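Topology and contacts: notes
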Amino acid sequence: MAGELTLSPFLSDALVILGAAGIVIPVFARFRITPIIGFILIGVVVGPFGLGSLVERIPWLYYITISDAEGLTPFADFGIVLLLFAIGLELSFNRLWEMRRLVFGLGALEVLLSGSALALFLGVVGAMNTAAALALGFALAFSSTAIVLPISGTRSPVGRAALSMLLFEDIMIVPIIFVLGALAPNAADEGWGGIIQTLWQGGLVIAVLLVAGRFALPRLFAQAARTKSPELFLAASLLVVIGASLATALVGLSPIVGALIAGLLIAETEYHTEVELIMEPFKGLALGVFLITVGMSINLAEIAAQLGTFAMAVVGVVLFKALVTGVLLRLMGARRGTAAETGLLMASPSETTLIVLAAATSALVLDAETARFWQTVTAIGLTITPLLARLGASLARQVDGAPQLPTEEESDNPRTIIVGGGRVGRLVADMLRTHGKPYVMIDTNPDLITAAIRDGYRATFGDAGRVDALARLGVENAPAVVLTMDEPVLAQRLVTKLRQTYPDLLIVARARDTDHAAAMYRAGASHAVPETLEASLQLSEAVLVDIGVAMGPVIASIHAKRDEFREQLERDGNLNEKPKLRTSTTG
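Overview of the structure. Owing to the predicted nature of the structure, the values given are computational and were not obtained by experimental measurement. (Residues numbered from 1 in each chain as written. Predicted model: local features only at pLDDT ≥ 70, side-chain atom pairs only at ≥ 80, totals over all residues. Heavy atoms only, no water.)

**Describing the overall build of the protein chain**
Counting its regular elements, the protein chain contains 24 helices and 6 strands. By the burial criterion, 48% of the 587 residues in the protein chain qualify as buried. The contacts in the protein chain between residues at least 6 apart in sequence include a share of 69% that link residues at least 24 apart. With an accessible surface of roughly 28200 Å², the protein chain has 64% of that area assigned to carbon and sulfur atoms. (Helix = DSSP H or I, 4+ residues; strand = E, 2+ residues; numbered from the N terminus. Buried < 20%, exposed > 50% of the residue type's maximum accessible area, 1.4 Å probe, protein only. Contact = heavy atoms within 4.5 Å. Areas by Shrake-Rupley, 256 points an atom, 1.4 Å probe, with all protein chains shown as cover.)

**With respect to the pairing of strand 6 (residues 527-530)**
In regular strands, side chains alternate between the two faces of the sheet. Of the two faces of strand 6, the one holding Ala528 and Pro530 is buried and the one holding His527 and Val529 is not buried anywhere. Sheet topology places strand 5 (residues 507-511) next to strand 6; 4 bridges connect them, and they run parallel. Residue pairing for strand 6: alanine 509 is matched across the bridge by alanine 528. Regarding the hand of the β-α-β motif, the stretch spanning strand 5, helix 22 (residues 514-523) and strand 6 is right-handed. (Pairing = 2+ DSSP bridges. Right-handed = clockwise from strand over helix to strand, strands pointing away.)

**Details of the packing of aromatic side chains**
Describing an aromatic ring pair means giving the distance of the ring centres and the angle of the ring planes. Evaluated as defined, the whole model comprises 8 aromatic pairs. A centroid spacing of 6.4 Å and a plane angle of 55° characterise the contact between phenylalanine 233 and tyrosine 271, whose relative ring orientation is tilted. Residue phenylalanine 233 is located in helix 10 (residues 230-250), and its partner tyrosine 271 is located in the loop between helix 11 (255-267) and helix 12 (272-296); the two are separated by 38 residues in the primary sequence. Under the relative-accessibility criterion, tyrosine 271 is labelled buried at 0%. Centroid distance phenylalanine 310 to phenylalanine 373: 4.7 Å. Interplanar angle 15°. Geometry classified as stacked. Here the residue phenylalanine 310 occupies a position in helix 14 (residues 307-331), and phenylalanine 373 occupies one in helix 17 (residues 368-400), the gap between them amounting to 63 residues. For the pair shown, phenylalanine 310 and phenylalanine 373 are each scored as buried. (Phe/Tyr/Trp six-rings, centres within 6.5 Å; stacked < 30°, edge-to-face > 60°.)

**Comments concerning helix 21 (residues 488-501)**
Over its 14 residues, helix 21 extends 20 Å from the first C-alpha to the last, a length consistent with the 20 Å expected when each residue adds 1.5 Å. Those residues of helix 21 not exposed but buried are Ala491, Leu494, Val495, Leu498 and Arg499. All buried residues of helix 21 project into a common sector of 130° when viewed along the axis, lining one side. Facing away from the buried side of helix 21 by over 90 degrees, the exposed positions are Val489, Arg493 and Gln500. (Expected span 1.5 Å × (residues − 1). Arc of directions from axis to C-beta.)

**What to know about helix 11**
Taking 1.5 Å of rise per residue, 13 residues should cover 18 Å, and helix 11 covers 19 Å from first to last C-alpha, within 8% of that figure. Across the 13 residues that make up helix 11, a large majority, 12, are buried. Along helix 11, the residues classified as buried are Ile256, Val257, Gly258, Ala259, Leu260, Ile261, Ala262, Gly263, Leu264, Leu265, Ile266 and Ala267.

**Structural notes on the pairing of strand 2 (residues 439-443)**
A large share of strand 2 lies buried, amounting to 5 of its 5 residues. Going residue by residue along strand 2, you find Tyr439, Met441 and Asp443 tucked away on one face and Val440 and Ile442 tucked away on the opposite face as well. Two elements, strand 1 (residues 416-419) and strand 2, share 4 bridges in a ladder whose sense is parallel. If you follow isoleucine 418 over to strand 2, its bridge partner there is methionine 441. Viewed along the sheet, the connection from strand 1 through helix 18 (residues 423-434) into strand 2 turns out right-handed. Bridging between strand 2 and strand 3 (residues 459-461) involves 3 bridges; their strand directions are parallel. Bridge pairing links isoleucine 442 to threonine 460 in strand 3. Note that the unit made of strand 2, helix 19 (residues 446-454) and strand 3 has a crossover that is right-handed.

**Side note on the side chain of serine 143**
With respect to the element layout, serine 143 can be found in the loop between helix 6 (130-141) and helix 7 (145-152). For serine 143, a relative accessible area of 1% corresponds to the buried category. Among all residues touching serine 143, those that are not within four sequence positions of it are Glu110, Leu166, Glu169, Lys321, Met346, Ser348 and Ser350.

**A look at the nonpolar core**
One finds Phe85, Phe221, Phe233 and Trp374 to be the most contacted residues of the largest nonpolar core, which totals 119 residues. Of all hydrophobic cores here, the second largest spans 27 residues; its members include Leu483, Tyr502, Ile507 and Ala511. (Core = buried A, V, L, I, M, F, W, Y, C linked by side-chain atoms within 4.5 Å.)

**Some remarks on the sheet that holds strand 1**
The 6 strands lie next to each other as 3-2-1-4-5-6, forming an open sheet whose pairing is parallel. The open sheet terminates on both sides in strands that have one partner only, identified here as strand 3 and strand 6. Taken over all neighbouring pairs, the strand axes of this sheet differ in orientation by 20° on average, direction set aside. Relative to the sheet, helix 18 contacts strand 1, strand 2, strand 4 (481-483) and strand 5, its axis offset from that of strand 2 by approximately 170°. Along the sheet, helix 22 contacts strand 4, strand 5 and strand 6; its crossing angle with strand 6, the most-contacted strand, is approximately 170°. (Axes fitted to C-alpha atoms, helices over the stretch in contact; angles between N-to-C directions.)

**A closer look at the packing of helix 5 (residues 100-125) against helix 14**
Between helix 5 and helix 14, the least distance of the axes is 10 Å, while the angle of their chain directions is 145°. Like other packed secondary-structure pairs, helix 5 and helix 14 cross with a definite hand, here right-handed. Contacts between helix 5 and helix 14 involve Leu106, Leu109, Glu110, Leu113, Ser114, Ala117 and Leu118 from the first element and Phe320, Val324, Thr325, Leu328 and Leu329 from the second. By residue class, the composition of the contact of helix 5 with helix 14 is 9 nonpolar, 2 polar and 1 charged. (Left-handed = near helix turned anticlockwise from the far one by under 90°. Nonpolar A, V, L, I, M, F, W, Y, C, P; charged D, E, K, R; others polar.)

**A word on the pattern of salt bridges**
In the structure shown here, the tally under the stated rule is 2 salt bridges. We note a salt bridge from aspartate 455 to arginine 426, for which the minimum N-O separation is 2.9 Å. Of the two residues, aspartate 455 sits in the loop between helix 19 and strand 3 while arginine 426 sits in helix 18, which places them 29 residues apart along the sequence. Residue class for aspartate 455 comes out partly exposed when judged on its relative accessible area of 42%. Put simply, arginine 433 and aspartate 430 hold a salt bridge, and the shortest N to O gap is 3.2 Å. Taken as a pair, arginine 433 and aspartate 430 lie in helix 18 at a separation of 3 residues, close to a single helical turn. A relative accessible area of 38% means that arginine 433 is categorised as partly exposed. (Salt bridge = Lys/Arg side-chain N within 4 Å of Asp/Glu carboxyl O.)

**Observations concerning the environment of arginine 433**
On a C-alpha basis, the gap between arginine 433 and tyrosine 457 in space is 9.4 Å, while along the polypeptide they are 24 residues apart. The residues contacting arginine 433, other than those within four sequence positions of it, are Tyr439, Gly456 and Tyr457.

**A look at the environment of glycine 381**
Note on placement: glycine 381 falls in helix 17. Accessibility expressed as a relative area gives 1% for glycine 381, which makes it buried. Sequence separation between glycine 381 and proline 349 is 32 residues; the distance between their C-alpha atoms is 6.0 Å. Each residue touching glycine 381, except ones within four places of it in the same chain, is listed here: Ser348 and Pro349.

Below you can see the structure in the form of C-alpha cells.
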C-alpha cells in the first residue's frame, strides 16, 4: 500500500535499543543504580527468550522486541573496542609502565592460577578430557572489562588492580585462541605455526602504530581543531580507533589491542580531553548494545528447569575466582579491604569467556551442549557483577573499618583552570607558577596550545564552553577559574554556566570595558577586570606627569576616577559592594 511505513528488522531493533537507552539511563540514575543491570534486564525482556518468543502469536510485539540477536553482535563488539579506546585515553605510556609489575605479575598469576586450578577441578570432577578442561578453565578465568572498569574506574586501588589483571587478560586472549586451534583434533602443527606468525606480525604492526602515531596524531588533530568543527573532530577520532583496530585484527591480534594503543597514543597529546568527551556518548550507547546482547542470551525457562545446577556452577566459579584473586592481592601487599573488594568484583566470567567458548566449540574441543551450559552461566555471572561489586564494597568497609581514601597519587591535585592560552593566559600562568600554584590552561586554538606546551606551560586542547570539559580537568576542586579569552559573549555564557553548576567557585574574568565587566558580574563572576580601564588610567598618569603635572594630584585623580568606575560597576552589576579593581592600593 502506498505510503505505508514498513520497519525493517534492523531499523526496528535500532529503535528498541535507542528507546531502551532513553528509559534505562535516566530511570536507573534516578534510583542511583548502575544502568548495567537495566540494559541486561532489557535484553532478557525483549530478547528471543522473552517477549520475542511471542511475536508469532502477538504480531505487534515485533515493534518492541529484537528480532535479529545475531545482527547486534558487530555493534556489541564495537562497544568493547570503544571501551578499550577510552581506557587508553585515561592512561598514558608512563602510567602503564609504572603498572608493569601489576600487569605482568598480578595479572599473569591471576590468569594462570585461576585457569589451571579450574581446569584441574573440571578435569577431575567433571570427567573432562585435558583439552576440554583447559579450554573451559581458562575461559572462566577471564573477567569482564566492559562491566568491571565502568564500576571500579582506574585510579582507586581496586581500579588499578582490576585494570592490571584485565589488561593481561586482553593480551592473553590471542595465544589462548591459537592454543585451542592447536589442540583441535585436526590441527596438527598448524596452530603453533600460526602463533609464531601472529607474534612477529603483531609486533611489527604495534611498532608501526607507535612510531607513526607519535608523529601523525598531533598533526591530524591539530588540523581537525583548526576547523572548529566537532563533526570533523569526531570523524578523526573514529578514523584513528577503527584504523588501529583493523590493523591489529588483520594480523590475527584482537582489535581491542589496536584500540587500546590508539587511546594510549592520543593520551600523550594535548587533545585527549576533547577526544574523550566527544567519544563518550558513542561508547556508552555501544556498551549498552553489548549488555543487551548479554541479556538476550539468558533463557529463563532453561535456568528454571536446571536451577540447582546453574546455581552451583555460578556460585562455585564466583567463590573460587574471588578467593584466588583476593589471596594473590594480599600476598602482593594489598589491604584486606582492597583484596576482598577486587576479588568479588573480578569473580564473574566475562564477554571474553563467550569468545573462548565459541572458539573451543569450533575447534571441537568442547561439545555444543557443554558450551551452551557455560554460556548461560557466563551470562548470569555478567548480570550479577554489579551486585558483587556492591557486596565487595560493603565487605571492604567492614574489613578495613573505614573507607579507603585515595592517596595524592591517585587523585589530581586541585589546580587553577585558565581558560585561554593567549598572552593574558600565559601571564596569569607565569604568576601562578612563580608562587608555586598548580594550574592547567585550556583553549580551542591548537596552535596556541602547541606553542604553550613547547614553551613549558601545562596546557590541553578543549572547548571550555562545555562545562563537562572543565569537569574533566577537576573544576569541582579547582581553587579558581580564570577567563582570559577575548570573546565577550562566550565568556559571559561560560560564567553563567559555571555559577549555576558550581555556586561557590571563584571565577575571575577578563572584561573589555566597564560595561562588559558589569555584565560579567551580573552573570556571576567573582571578579571582573576591565582591561581598557586600567590601560587608560595608566596612559593618563604617564602623559600628565610627563607634561608637568605634580605626581600627588595625578595619583589622587587616578584614585578618584577608579573609585567612580567602581561605583558604576556596583550599580550596573547589581553588586552589594564596590568591586576591587586593584587590590594593592584602592582597598
